[in-house]
Structure formats: C-alpha cells, structure tokens
Amino acid sequence: MKIAPKYLWAALVCAVLAHALVILATPLVLMNVAMSRVSEGSYNHWRLAPRVTEASRTIVRPSPDFAYSACVYDLAAGPVVIRTAPWDAYWSLSLYADNSDNFYVIGDREARPGADITLTRDARVEDAANAVRSPSRRGIALIRRLAPTPEAYAAVARIADEDVCATLAHTAR
Amino acid sequence: MMRRVLAWAGAILIGLSLGAASAWAVLDFGRASFSESYGGWTHSHAAGSAAAGPYTRAIIAREGLLALSAREALYFTIGVDDQGRPLQEACVYELTGRELDARWWSVTLYAGDSFLARNGDHAASIDASRTRAGADGVWRARVAPVRGDALHWISSRAAGRDFTLTLRVYNPMREFRPSAEMLPVLRVISCAGASA
C-alpha cells in the first residue's frame with residue numbers, strides 16, 4: 001500500500017507539535033496541579049500542612065520529619081511580602097515559579113531571625129535590600145521546618161500564625 | 001471522500017500519538033542522565049536543580065517537583081538489598097552507617113506507591129537527632145515488619161514488595177563527597193520462607 005506524501009508530512013508535523021507540547025507543558029501542568037492542591041483557591045495566605053503521617057497522600061514522598069507551610073502567591077495585585085517566624089532548628093524558605101523553577105532559597109544559616117522579603121515582578125522598583133524578583137506572576141512559597149516529633153510539630157503550629165504572605169498593601173511594615 | 005477524511009484523521013492521530021510517546025520516552029530516558037549510583041543508592045541531580053532548557057525543566061518537574069536545591073539537601077534512594085534483590089516486607093534488613101558530613105540526615109521508608117506505608121507503627125523514619133551510634137561509631141537500624149529488640153527501627157509492615165528507602169542529607173558540608181563506603185549499608189538478614 002502506497003501512502004501519499006501529504007499524509008506522511010501531516011503525521012510528521014503533528015508528531016513534532018505534540019512532542020514540543022508535552023515537553024513544554026509538563027512542568028506547567030504539574031505546577032498548576034500542585035498550586036491548586038495547595039491553595040484550595042486562596043492566594044497569598046500561608047497554610048500549615050497537617051503533620052505528615054501515613055494518611056498524607058497529597059504529594060509523593062513526604063518527609064515525616066518536617067512541618068511544611070505553603071503559600072501560593074499571586075502578584076496580580078502588586079508585590080507580596082513574605083516573612084517567616086524564627087525557628088531554632090533547621091528551616092528553609094524556597095520559592096518556585098509557575099514553571100517549577102526553584103528561583104530562590106534562604107535558610108537559618110543566612111537568616112537566623114527568619115526571612116523577610118518582598119516578592120515582585122520587577123526588583124528594581126522595590127527596596128533593593130530585600131526585593132526578590134519572581135519570574136512568574138504566580139508560584140509557590142514553601143517553608144520547611146525540622147520537626148521530627150509531635151511536640152516539635154506542635155511548637156511549629158504555635159508560631160506559624162506569625163508567618164506572613166500578603167500583598168504589600170495589606171501589610172504594615 | 002470518506003476515505004480521504006479517514007486518511008487525514010489517521011495521519012493526524014498517528015502523528016500526535018508518536019509525538020507524545022516520543023516526548024514521554026525522552027523524559028524517561030533523560031532521567032538516567034541525572035542519576036549517579038553509589039552501591040545500591042541512587043542519587044538524582046534533577047531534584048532541586050535549576051533548569052537549563054525545556055527538556056531539563058520537564059525532567060526536573062517530573063523527578064523533583066518542589067524539591068530543595070542541592071545546596072540545601074541531597075536525596076539518595078535505595079530499592080535493592082546487598083544481593084541486588086528488590087526490598088520486600090517479607091525480609092528483615094539491617095541498615096548501618098556512620099555520621100555524615102552534614103548538618104542533619106534522615107532515612108524514610110516509602111511503600112511501592114511512594115507514600116508512607118499504612119501500618120500505624122509511627123516508625124517510618126530514623127534521623128540524626130534520634131539515632132545513637134555504638135562505641136565503634138556505627139549506628140544500626142532494623143528495617144522489618146516488627147521491632148524485636150532493635151534500638152532503632154524502620155517499620156516495613158504493610159510496605160509490601162518493592163518498597164524503597166530515601167536518605168535525605170541536609171546542609172551537606174563542603175567536603176561531603178558521596179560514595180558507596182560513606183553512605184549507609186543495607187544488608188538482608190533473613191526472609192520469611194527462604195534463607196537469606
């Protein structure tokens with residue numbers, strides 16, 4: 001059976017397009033799923049995840065030794081202030097763009113009293129000392145605090161209310 | 001007319017399927033390029049890496065979404081015993097190791113579905129802050145469905161077959177150089193219904 005070249009070309013063009021689409025869309029889709037799971041429709045607001053147990057089924061390979069707080073930020077209404085309350089064991093704040101890039105990380109080795117940054121689309125227009133430019137309008141901020149025991153997790157729960165993830169307009173500095 | 005429509009539809013469908021399948025295959029194949037092995041442990045550079053291009057970014061997103069950068073943490077996973085057999089609940093293992101050049105470490109057991117095993121034992125992991133080494137500087141942990149007389153225990157009850165252990169090394173020192181000799185060693189002690 002002879003196949004007309006136009007059908008082969010059509011299949012080839014579709015194959016190239018589908019290949020590129022899967023490669024480009026994979027990080028965006030996975031991050032969008034993560035953002036919608038974490039935010040539950042609410043942006044610029046920290047959520048302390050329940051202590052990781054065998055019932056935790058949201059994100060694969062969770063570590064039972066950490067307390068996780070996550071904030072899905074949205075810069076549509078302007079810069080977002082992110083502050084973390086002090087924690088006397090290991091902690092880190094990681095920022096992820098909507099394409100999954102981990103574009104910023106800070107921990108207790110650099111900021112013992114906690115992080116205090118202003119997230120913006122254009123770092124030049126903000127306070128240069130603590131402005132961090134986000135490559136995307138939306139993304140995820142994630143705090144990991146070492147809390148390997150139920151008592152340590154309870155201590156995190158007591159200070160987590162002091163964490164800030166809010167638009168600059170809603171934050172008194 | 002109908003034959004021509006079917007031919008176009010077939011060409012488009014075949015093209016889309018081949019394109020999507022080839023992309024998925026590239027991501028699977030590319031995963032290996034990010035992996036290094038130390039004994040039975042596998043370490044992936046993908047987790048927490050900065051993307052250099054669309055392929056790298058897609059591989060990282062699949063392998064280590066929301067993972068920490070290598071400066072903050074290194075992840076190692078083992079899924080076979082010292083005889084190369086997949087880990088299974090029916091066996092008893094001993095995990096031994098020394099202090100690592102890092103601020104903190106932990107070892108966590110994940111069932112085949114990549115979640116903690118549903119066993120109610122509250123013994124899914126051990127970590128540097130709760131593990132005591134003997135006079136020889138070596139700590140020992142039992143990986144088994146029951147604790148027995150073990151000082152340190154990781155429960156594999158309800159983990160089934162093909163479970164894995166993940167070693168997380170936080171704030172590794174500048175001199176931290178992973179090797180089969182430096183990382184913990186997993187040995188099979190016995191298996192139900194067979195001699196180890």
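One can find the structure itself at the top, above this paragraph.
Residues numbered from 1 in each chain as written. Chains lettered and ligands numbered in written order. Predicted model: local features only at pLDDT ≥ 70, side-chain atom pairs only at ≥ 80, totals over all residues. Heavy atoms only, no water.

### Quick notes on the overall build of chain B
Here comes step 1: Within chain B, the secondary structure is distributed over two helices and 10 strands.
Here comes step 2: Taking 2.2 N^0.38 as the reference for a compact globule, 196 residues should give roughly 16 Å; the C-alpha atoms of chain B span a radius of gyration of 21 Å, well beyond that estimate.
Here comes step 3: In terms of overall dimensions, chain B has a C-alpha envelope of 85 × 45 × 30 Å along the principal axes.
Here comes step 4: In chain B, buried positions account for 45% of the 196 residues.
Here comes step 5: With an accessible surface of roughly 9,800 Å², chain B has 57% of that area assigned to carbon and sulfur atoms.
Here comes step 6: Of the side chains in chain B, 21 bear a positive and 18 a negative charge, and the two mean positions are spaced by 7 Å. (Helix = DSSP H or I, 4+ residues; strand = E, 2+ residues; numbered from the N terminus. Rg over C-alpha atoms; globule rule 2.2 N^0.38 Å. Buried < 20%, exposed > 50% of the residue type's maximum accessible area, 1.4 Å probe, protein only. Areas by Shrake-Rupley, 256 points an atom, 1.4 Å probe, with all protein chains shown as cover. Lys, Arg positive; Asp, Glu negative; His and termini not counted. Charge placed at Lys NZ, Arg CZ, Asp CG, Glu CD.)

### Overview of helix α2 (residues 150–159) of chain A
All names here are of chain A.
Here comes step 1: Every buried residue of α2 is accounted for by Ala 152, Tyr 153, Ala 155, Val 156 and Ile 159. With its buried residues spanning 155 degrees around the axis, α2 presents them on a single face. Projecting away from the buried face of α2 at angles above 90 degrees are the exposed residues Glu 151 and Arg 158.
Here comes step 2: If you follow the buried residues of α2, they end up packed against β1 (47–48), β2 (66–74) and β8 (138–146). (Arc of directions from axis to C-beta. Contact = heavy atoms within 4.5 Å.)

### Quick word on the nonpolar core
Here comes step 1: Grouped together as the largest cluster of nonpolar side chains are 45 residues, with contacts concentrated most on Phe 76, Val 143, Leu 165 and Leu 167 of chain B.
Here comes step 2: When sequence neighbours within four positions are dropped, the list of residues in contact with Val 143 of chain B reads Cys 91, Val 92, Tyr 93, Leu 95, Leu 109, Ile 154, Ser 156, Phe 163, Leu 165 and Leu 186 of chain B.
Here comes step 3: Membership of the second largest hydrophobic core comes to 27 residues, among which are Ala 67, Ala 85, Leu 93 and Ile 117 of chain A. (Core = buried A, V, L, I, M, F, W, Y, C linked by side-chain atoms within 4.5 Å.)

### Comments concerning unusual backbone geometry
Most of the time, phi is negative for any residue but glycine, and the peptide bond is trans.
Here comes step 1: Residue Glu 40 of chain A is not a glycine yet carries a positive backbone phi of 50 degrees.
Here comes step 2: Take Glu 40 of chain A: it is sitting in the loop between α1 (5–39) and β1.
Here comes step 3: In this model, Ala 158 of chain B sits at a positive phi of 70 degrees, which is unusual for a non-glycine residue.
Here comes step 4: Residue placement: Ala 158 of chain B occurs in the loop between β8 (153–155) and β9 (164–172).

### Looking at α1 of chain A
Here comes step 1: With 35 residues, α1 of chain A ought to run about 51 Å at 1.5 Å a step, and its terminal C-alpha atoms sit 49 Å apart, in line with that.
Here comes step 2: The sharpest bend along α1 of chain A measures roughly 40 degrees and falls at Ala 25 of chain A, with the proline Pro 27 of chain A sitting one to four residues further on. (Expected span 1.5 Å × (residues − 1). Bend = angle between axes of the 7 residues up to and from the residue.)

### Looking at the environment of Glu 36 of chain B
All names here are of chain B.
Here comes step 1: For Glu 36, the position within the fold is in strand β1 (residues 35–38).
Here comes step 2: Residue Glu 36 is classed as partly exposed on the basis of its relative accessible area, which comes to 32%.
Here comes step 3: Along the primary structure Glu 36 and Val 185 are separated by 149 residues, whereas in three dimensions their C-alpha atoms are 17 Å apart.
Here comes step 4: With residues up to four places along the chain from it excluded, the contact list for Glu 36 reads Trp 41, Thr 42, His 43 and His 45.
Here comes step 5: Side-chain polar atoms of Glu 36 contact the side chain of Tyr 38, separated by 2.2 Å. (Polar contact = N/O pair within 3.5 Å; in protein donor to acceptor, adjacent residues only side chain to side chain.)

### Looking at the sheet that holds strand β7 (residues 131–133) of chain A
All names here are of chain A.
Here comes step 1: Spatial strand order, β7-β6-β3-β9: four strands in an open sheet with mixed pairing. Since the sheet does not close on itself, it has two edges, and those belong to β7 and β9 (164–167), each with one partner. Between one strand axis and the next, the sheet turns by 25 degrees as a mean value, whatever way the strands run.
Here comes step 2: Where strand β6 (residues 116–120) lies against β7, three bridges are found, and the strand directions are parallel. Bridge pairing in β7 places Thr 118 opposite Ala 131. (Pairing = 2+ DSSP bridges. Axes fitted to C-alpha atoms, helices over the stretch in contact; angles between N-to-C directions.)

### Brief notes about the pattern of salt bridges
Here comes step 1: Under the defined criterion, the tally for this structure stands at 14 salt bridges over all chains.
Here comes step 2: Taking the shortest distance from any N to any O, the salt bridge between Asp 116 of chain A and Arg 83 of chain A comes out at 3.4 Å. Of this pair, Asp 116 of chain A sits in strand β6 while Arg 83 of chain A sits in strand β3 (residues 80–83), and the two are 33 residues apart along the sequence.
Here comes step 3: Overall, the relative accessible area of 18% leaves Arg 83 of chain A in the buried class.
Here comes step 4: Between Arg 142 of chain B and Asp 149 of chain B there is a salt bridge, and its shortest N-O distance comes to 3.0 Å.
Here comes step 5: Residue Asp 149 of chain B is classed as exposed on the basis of its relative accessible area, which comes to 68%.
Here comes step 6: Where salt bridges share partners, they join Asp 65 of chain A together with Asp 127 and Arg 130 of chain B into one cluster. (Salt bridge = Lys/Arg side-chain N within 4 Å of Asp/Glu carboxyl O.)

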